[in-house]
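# What the coordinates show
Residues per chain, in single letters:
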Amino acid sequence: MAKPIKILIVDDDMCAAANISLKLSTLGYEITGIISHGEEALLHIKHEQPDIILLEIQLKGKFDGIKTAQIMQQHYDIPIIYLTANADDANFNRAKTTHPYAFIAKPYKILELQRAIELTVRQIYCHKNLHNNEPITHIHPFILSDCIFVRSHEKMVKVIIKDILYIEAERNYCRIHSKVKEYLLVMTLKDLDEKLSDPHFIRIHRSFIVNLSQIDEVATSHIVIAKKAIPVSKALKEELLNRLQTL
């Protein structure tokens, strides 16, 4: 099962931060904390390091957000996304020295923040693969709460999870069949099965994972999705029927 991306929110407006936390939690992210002081944020990071920090420039206490980022970066390499009401040129130019992954002015739409986080996750993932000397063509997909980013024609594209019909094994590859098109992944079906945490997916055969919500028919030895007959192994059929009853 894929681990959720951990996000720390550092903002002097606790009500706004709580609202962000709620919305991001529903999208599948894990919020490690909501903190209003830069000094407290540095202590928190020391004990529970997040994957991404959402950072307001104006904070309570001795350090503002930019100073907090500068101190943090002496010890940790954690991506920063600024969410700030202080979006004037002076603060923007100061913020640039900390190399943020995004700089978003308040007020903003949650979709704008969600996309910034998704792009940040992608850059984290690509950086790790390049750091490990893994060829760019072998970058595996990474999975968020509602989508999978997969490599297609030298770029990473988003596939909406609910639009996936089924996933088929092809030796050491997987082929995603979605409502829109097909995508070939450089990973085994077993590896993908372990990473997929969405409750609507189930492995029904050594060569197939299916989206339960897309099943049109259930027969004795197969199911039908979008006019495609997909075999069901005897060992996995009982689990399939149990899962269908809980939907």
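The following refers to the structure shown. (Residues numbered from 1 in each chain as written. Predicted model: local features only at pLDDT ≥ 70, side-chain atom pairs only at ≥ 80, totals over all residues. Heavy atoms only, no water.)

## A short note on the overall build of the protein chain
- For the protein chain, the helix and strand inventory stands at seven helices and 16 strands.
- Looking at the protein chain as a whole, 44% of its 247 residues are labelled buried.
- Within the protein chain, contacts between residues at least 6 apart in sequence are counted, and of these 49% link residues at least 24 apart.
- Only carbon and sulfur atoms are counted for the fraction: they give 51% of the accessible area of the protein chain, which is about 13500 Å². (Helix = DSSP H or I, 4+ residues; strand = E, 2+ residues; numbered from the N terminus. Buried < 20%, exposed > 50% of the residue type's maximum accessible area, 1.4 Å probe, protein only. Contact = heavy atoms within 4.5 Å. Areas by Shrake-Rupley, 256 points an atom, 1.4 Å probe, with all protein chains shown as cover.)

## Some thoughts on the sheet that holds strand S1 (residues 6–10)
- Sheet architecture is open: five strands sit in the order S2-S1-S3-S4-S5, paired in parallel fashion. With one partner strand each, in any of the chains shown, strand S2 (30–35) and strand S5 (102–105) form the two edges of the open sheet. Direction aside, neighbouring strands of the sheet carry axes that sit 15° apart on average.
- Bridge analysis of S1 against strand S3 (residues 52–55) gives four bridges, and the strand direction is parallel. The residue of S3 that forms the bridge with Leu8 is Ile53. (Pairing = 2+ DSSP bridges. Axes fitted to C-alpha atoms, helices over the stretch in contact; angles between N-to-C directions.)

## Some points on the nonpolar core
- Residues Ile7, Leu24, Ile52, Leu54, Ile81, Leu113 and Ile117 are the most contacted members of the largest nonpolar core, which totals 20 residues.
- Those elements that place two or more of their residues in this core are S1, helix H1 (14–26), S3, strand S4 (80–84), S5 and helix H5 (110–131).
- In terms of residues, this core owes the most to one element, H5, which gives five residues.
- Among all residues touching Ile117, those that are not within four sequence positions of it are Ile7, Leu24, Tyr29, Ile52 and Ile81. (Core = buried A, V, L, I, M, F, W, Y, C linked by side-chain atoms within 4.5 Å.)

## Thoughts on the sheet that holds strand S14 (residues 217–218)
- What the three strands build is an open sheet, ordered S14-S15-S16; its pairing is antiparallel. If you trace the sheet from one side to the other, it starts and ends with S14 and strand S16 (228–231), each paired once.

## Considerations on the pairing of S4
- Summarising burial for S4: five of the five residues are buried, a large majority.
- Here S4 shows no split at all, with Ile80, Tyr82 and Thr84 on one side and Ile81 and Leu83 on the other all buried.
- When S3 meets S4, the two strands line up parallel, connected through three bridges. Bridging from a neighbouring strand, Leu55 pairs with Tyr82 of S4.
- Remark: the S3/helix H3 (residues 65–72)/S4 crossover connection has right-handed handedness.
- Sheet topology places S4 next to S5; four bridges connect them, and they run parallel. Pairing of Tyr82 across the sheet is with Phe103, part of S5.
- Taken together, S4, helix H4 (residues 89–96) and S5 constitute a β-α-β crossover, and its handedness is right-handed. (Right-handed = clockwise from strand over helix to strand, strands pointing away.)

## Remarks on the pattern of salt bridges
- For the structure on display, the rule yields seven salt bridges.
- Put simply, Arg175 and Glu182 hold a salt bridge, and the shortest N to O gap is 3.5 Å.
- Residue classification places Glu182 among the partly exposed residues on the basis of a relative accessible area of 44%. (Salt bridge = Lys/Arg side-chain N within 4 Å of Asp/Glu carboxyl O.)

## A few points about H3
- Most of H3 is tucked away, with six of its eight residues classed as buried.
- Within H3, the full set of buried residues consists of Gly65, Ile66, Thr68, Ala69, Ile71 and Met72.
- Here the buried face of H3 lies against helix H2 (38–47), S3, S4 and H4.
- Of the residues flanking the start of H3, the one acting as N-cap is Asp64, its side-chain oxygen 3.3 Å from the backbone nitrogen of Ile66. (Polar contact = N/O pair within 3.5 Å; in protein donor to acceptor, adjacent residues only side chain to side chain.)

## Concerning the environment of Ile5
- For Ile5, the location among the structural elements is in the segment before S1.
- When its relative accessible area of 19% is taken as the criterion, Ile5 is described as buried.
- The sequence separation of Ile5 and Asp51 amounts to 46 residues, and the corresponding C-alpha distance is 6.2 Å.
- What Ile5 contacts, discounting residues up to four positions off in sequence, is Tyr29, Glu30, Asp51, Ile52 and Val121.

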